[in-house]
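The primary structure of each chain is shown beneath.
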Amino acid sequence: MEMQKMKLVVIGNGMAGIRAVEELLKIAPDLYDITVFGAEPHPNYNRILLSPVLAGEQALQDIILNDFDWYEQNKICLHTSKKVIKIDRKAREVIADDGTRQAYDRLLMATGSNPFILPIDGATLNGVLTYRDIYDTEQMIEASAKYKQAVVIGGGLLGLEAANGLRLRGMDVTVIHIMPWLMERQLDQTASAMLQKSLAQKGLQFRLEAHTQSLQGNAAGEVVAVQLKDGELIPAQLVVMAVGIRPNTVLAESCGLHCNRGLVVNDTMQTYDPRIYAVGECVSHRGVAYGLVAPLFEQAKVAANHLALFGIGRYTGSLTSTKLKVTGVDLFSAGNFAGGEDYEEIVLADPGAGVYKKLVLKDDKLVGAVMYGDTVDGAWYYQLLRDETNIAAMRERLMWGESNLGDVGHQGQNKAAVMLDSAEVCGCNGVCKGAIVKAIKDKGLFTLDEVRKHTKASSSCGSCTGLVEQILMFTAGGDYSEAPKKKAMCGCTDHTHQEVRDAIRKEHLLTIPQVQQFMHWRTPNGCASCRPAINYYLLSTWPHEAIDDPQSRFINERSHANIQKDGTYSVIPRMWGGHTNSGELRRIADVVDKYHIPTVKVTGGQRLDLLGIKKEDLPAVWKELDMPSGHAYAKALRTVKTCVGSEWCRFGTQDSTKMGQELERALWRMQAPHKVKLAVSGCPRNCAESGIKDVGIIGVESGWELYVGGNGGIKTEVAQFFCKVKTHQEVLEYSGAFLQIYREEGWYLERTVHYINRVGLDYVKAKVVEDAANREALWARLQFTLDGEPDPWHEPERAGVDLKQFIPIAVVA
Amino acid sequence: MPFTPVCSLNDIPALGARRYVRDDGLTIAVFRGEGDKIFALNDKCPHKGGPLSQGIVYGETVACPLHNWCISLKDGTASLPDIGVTERFAVRVVNDVVELDPWSQDLTSIADASLTTK
């Protein structure tokens, strides 16, 4: 026999109430039969995103948080369009306006708030609206299609978002505000002035320190104008009152629950009736009623914990921070931003550039912050504020934000990478970076939507979306394998890449098993991360001596083609310096026809990519193309991109095409820790994009400039100036020597930029540019390495290509 | 179902694999793992269908070439935190000849996995 479950009734189908239900289902899914009453006809939606809906940037269906299916799946009985009008606490029963009765063992009240209506003449005229729910929003959208002039009373967060939305829908909008500056509860006067200026540029008009006396209507009972106390009459066919909200406690008071500017609760979110809990905007906790979403969610979590009978959560109040959701306006405020006596202020003001930042300090702690224009560091300041971090040591750099603190390694490391795991990313849902990273790794998440689904981060107000994307990019990465950041090479050993490199050289190790034995590998034959690295270290340290192990290479380097998502391969033949001719093109065309190659694409490296080739066809395709391998599949020299140069170009100062071809012929078949790309431009106009290449060369009147360490990957890195030389031969020698030192010292999967940042550009210059003897030796070692290196497409036996791999095995007859 | 000889042990590179295409088009990957142990799995990663035969083999595991999921050669299951399983096939070595039963799809591993992930 099944035990009778307890009955939980939730009054209010909004964000706070349903969040509490979600939290409860997470920890005690089978404890209650749950019934929810909602006065609106909709399922739970995201009230915060009404502004983007009004502004036409999102559709209504986009802001639904829990659709009707969700209630059904969780066996929740949902009553929409039913307002609870009575709570019988003695009989433990609620009664709705249609007569529905529902008994409860526990009751959760989340009745939210009501907009405050100014008690002035004309407040009940048609066309006078508040801004609270979907209905209000739909009314405003409808009105904006019919009428031209609107007045918004109230220059706070909500009022400005409403005004902005109506303006975007084509109305002339005037904002009437009783205070001397806009958003005075979140902004100081300076930041507010900048905000006002930017909103004025969007076409909004303002009346500050203005008192509304009455609203005037016509005979039909429609509003036509707003009368101010100073006599001004502003014509308006739509008036939106956004002057504040009041906790909705009508029902609570009617059943005798103690209310005082909100339904009073203790730290467990319990009202004076122990069977009744309350969360959300209807609540007064320690004398404070919150109107922002983050505190409500914290409350929901605590209430759920107690409803689940766990009894361990306490809500002790929230610090709040604010972001305005007006596209194109970046604004952040938190804590005590006003300052005053006993407080110190650090201020950065650049009104011309539209940037203003003010940090308020007390006793070496950050207590408040206002930012306008540049709000990237908002989350970080908020964290310092909440944690009451002592900032004495970083005081002079505090203003410049988190990314300017300490030595974070190489330039351009993004904010997501330097954030602490405990740092909060999504303020609305209280999600910290660590939780997001864990979900991405554990669940293999790849898209923003997936992260939203699994963590709820960025699913409420959306202002942290950029940061969540950064974390996603940083965590999921762009390569199939992870970059060598950790100390130990992989789980098979505690040794670092450097230690393995050093041992191979010092002990003259020549095979992977030798290395693993000598360095006491924990696994019998390594793993998919360490084997390719060791294989590369052996080959680059002992050329012509160490023997390649194809089984320790990623499939692309084993089959000498690029595997695609469907298991077919792509083939990119080499075109020296991006040059081709009719014979090559004819052969390519014939191969494409003969092998039914579905896609031919021009690559960014000035070559042609043939995509969708079956593995069985690869050897024949290579043979019939009769062109060298492009090594587009390898950690090796890929292309040397060139511009047309002095041979044709009227601006060209150097023959960049010839230079590029000489480089490519000198360096092709060169393996490296990661892919290597070069470019040669014939003049400083730099049409070959030398600035984002591992080695970029730019022709000038008097010779060639060399740049190193650029790439155009996930994080674009601009190449740094390396040296200037005169002749083609010098370009070859300096470029080759630089690449050789990178080959000898770089860690596997480390691009040139990361190698340079690790060892320092000055070190590389000292070894290559300043030390002529060393440069010549490096260049000679590279040439020795490449001497006699076979082309795997045309000399597969010599290159050790396993040809059996191309043919499936079959039943022996 | 009968075992049929498909190749000699040395036709499969050490820590490598070969593909066997069944009459109906299904590709079976035959692996040679640590200590010359032979395994056979459906040549499809449970993640996005990547050809496991093309992955790097180590110990009794293969790393899928598409997104680096690590699949156990013994029972076809993905290493945590990834969740998924690929069918295994009966295979044995007799006098250095690899014998495969291409119709011996073993679904019990899949049933086991679905129980544990519940």
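Given the structure is predicted, the values throughout are model-derived calculations rather than measurements.

(A) Looking closely at the overall build of chain A. The secondary structure content of chain A amounts to 25 helices and 36 strands. A total of 813 residues make up chain A; the buried ones form 53% of that total. The long-range share in chain A, meaning contacts at least 24 apart out of those at least 6 apart in sequence, stands at 61%. For chain A, the exposed area adds up to about 36,100 Å²; of that, 51% sits on carbon and sulfur atoms.

(B) Region of the structure containing the interface of chain A and chain B. Across the boundary between the two partners, chain A contributes 33 residues, which contact 28 residues of chain B. Together chain A and chain B conceal approximately 2,500 Å² of surface at their shared face, both sides included; 57% is due to carbon and sulfur atoms. In this structure, lysine 804 of chain A and aspartate 11 of chain B form a salt bridge, with 3.2 Å as the shortest nitrogen-oxygen distance. Linking chain A to chain B there are 13 residue pairs in polar contact (both at pLDDT 80 or more).

(C) Seen up close, the packing of helix 23 (residues 752-759) of chain A against helix 24 (residues 761-770) of chain A. All names here are of chain A. One can describe the packing of helix 23 onto helix 24 by two numbers: an axis separation of 6 Å at closest approach and a directional angle of 95 degrees. Regarding the angle of helix 23 to helix 24, the classification is roughly perpendicular. For the pair formed by helix 23 and helix 24, the contact residues are Tyr755, Ile756 and Val759 on the first element and Leu761, Tyr763 and Val764 on the second. Tallied by class, residues from the contact of helix 23 with helix 24 come to 6 nonpolar, no polar and no charged.

(D) Representation of the environment of glycine 630 of chain A in the model. Residue and element names in this part refer to chain A. Position of glycine 630 relative to the elements: it lies in the loop between helix 20 (618-625) and strand 32 (637-642). A sequence separation of 23 residues divides glycine 630 from arginine 607, and the C-alpha atoms of the two residues are 8.6 Å apart. Beyond its immediate chain neighbours, meaning those up to four positions away, glycine 630 contacts Ile572, Pro573, Arg574, Arg607, Leu637, Arg638 and Trp793.

(E) Spatial organisation of the packing of helix 21 (residues 656-667) of chain A against helix 22 (residues 728-745) of chain A. Residue and element names in this part refer to chain A. One can describe the packing of helix 21 onto helix 22 by two numbers: an axis separation of 10 Å at closest approach and a directional angle of 40 degrees. Between helix 21 and helix 22, the crossing angle belongs to the class labelled oblique. When the axes of helix 21 and helix 22 are compared, the crossing they make is right-handed. Each of Lys658, Met659, Glu662, Leu663, Ala666 and Leu667 in helix 21 lies in contact with helix 22, whose residues at this interface are His728, Val731, Leu732, Ser735, Gly736 and Leu739. A class-by-class count of the residues in the contact of helix 21 with helix 22 yields 7 nonpolar, 3 polar and 2 charged.

(F) Molecular detail of a nonpolar patch on the surface. Taken together, the side chains of Ile27, Phe310 and Ile312 of chain A present a nonpolar region at the surface, about 310 Å² in accessible area. Structurally, the position occupied by isoleucine 27 of chain A is in helix 1 (residues 15-27).

(G) Representation of the pairing of strand 2 (residues 16-21) of chain B in the model. Residues and elements named next belong to chain B. For strand 2, the tally of buried residues reaches 5 of 6 residues, placing the bulk of the element in the interior. For strand 2 and strand 3 (residues 27-32), the ladder comprises 6 bridges, and the chain directions are antiparallel. Bridged to tyrosine 20 within strand 3 is isoleucine 28. Linking two consecutive strands that pair antiparallel, namely strand 2 and strand 3, is a turn of 5 residues; a positive phi of about 100 degrees is found at glycine 25 within it.

(H) Broad picture of helix 21 of chain A. Residue and element names in this part refer to chain A. Over its 12 residues, helix 21 extends 16 Å from the first C-alpha to the last, a length consistent with the 16 Å expected when each residue adds 1.5 Å. Taken together, the buried positions of helix 21 are Ser656, Thr657, Met659, Gly660, Leu663, Glu664 and Leu667. Projected onto a plane normal to the axis of helix 21, the buried residues spread over an arc of 160 degrees and lie on a single side. On the buried face of helix 21, the contacting elements are strand 32, strand 33 (676-681), strand 34 (695-700), strand 35 (703-708), helix 22 and helix 25 (772-786). Within two residues after helix 21, arginine 669 carries a phi angle of roughly 75 degrees, on the positive side.

(I) Representation of the pattern of salt bridges. Going through the model one piece at a time under the given rule, you end up with 36 salt bridges over all chains. For arginine 553 of chain A, the salt bridge goes to glutamate 557 of chain A, with nearest N and O atoms at 2.5 Å. With respect to burial, arginine 553 of chain A and glutamate 557 of chain A carry one shared label: buried. Across the salt bridge formed by glutamate 99 of chain B and arginine 92 of chain B, the nearest N and O atoms sit 2.8 Å from each other. Overall, the relative accessible area of 39% leaves arginine 92 of chain B in the partly exposed class. Residues joined by salt bridges that share partners form a network here, namely Asp188, Glu345 and Lys358 of chain A.

(J) The arrangement of the sheet that holds strand 34 of chain A in detail. Residue and element names in this part refer to chain A. Read across the open sheet, the 5 strands follow the order 32-33-34-35-36; overall the sheet is mixed. Strands with a single pairing partner mark the edges of an open sheet, and in this sheet they are strand 32 and strand 36 (720-725). Strand-to-strand twist in this sheet, taken as the mean axis angle between neighbours without regard to direction, amounts to 20 degrees. Sheet analysis places strand 35 next to strand 36, joined by 5 bridges and oriented antiparallel. The partner of tryptophan 704 across the bridge, within strand 36, is valine 725. Against the sheet, helix 24 engages strand 35 and strand 36, with an angle of about 20 degrees to strand 36.

(K) Spatial organisation of the nonpolar core. Residues Leu24, Ile34, Ile87, Val94, Leu107, Met109 and Met269 of chain A are the most contacted members of the largest nonpolar core, which totals 50 residues. Those residues in contact with leucine 24 of chain A that lie beyond four places of it in its chain are Leu8, Pro29, Tyr32, Ile34, Ala304, Leu307 and Ala308 of chain A. In terms of nonpolar packing, the next biggest core, distinct from the first, is built from 42 residues, Ala561 and Leu610 of chain A together with Cys64 and Leu73 of chain B among them.

What counts as what
- Residues numbered from 1 in each chain as written.
- Chains lettered and ligands numbered in written order.
- Predicted model: local features only at pLDDT ≥ 70, side-chain atom pairs only at ≥ 80, totals over all residues.
- Heavy atoms only, no water.
- Helix = DSSP H or I, 4+ residues; strand = E, 2+ residues; numbered from the N terminus.
- Buried < 20%, exposed > 50% of the residue type's maximum accessible area, 1.4 Å probe, protein only.
- Contact = heavy atoms within 4.5 Å.
- Areas by Shrake-Rupley, 256 points an atom, 1.4 Å probe, with all protein chains shown as cover.
- Buried area = accessible area lost by both parts, 1.4 Å probe.
- Salt bridge = Lys/Arg side-chain N within 4 Å of Asp/Glu carboxyl O.
- Polar contact = N/O pair within 3.5 Å; in protein donor to acceptor, adjacent residues only side chain to side chain.
- Axes fitted to C-alpha atoms, helices over the stretch in contact; angles between N-to-C directions.
- Parallel < 35°, antiparallel > 145°, perpendicular 65-115°, else oblique.
- Nonpolar A, V, L, I, M, F, W, Y, C, P; charged D, E, K, R; others polar.
- Left-handed = near helix turned anticlockwise from the far one by under 90°.
- Patch = residues over 30% accessible without salt bridge, like charges linked within 9 Å, V, L, I, M, F, W, Y side chains within 5 Å.
- Pairing = 2+ DSSP bridges.
- Expected span 1.5 Å × (residues − 1).
- Arc of directions from axis to C-beta.
- Core = buried A, V, L, I, M, F, W, Y, C linked by side-chain atoms within 4.5 Å.

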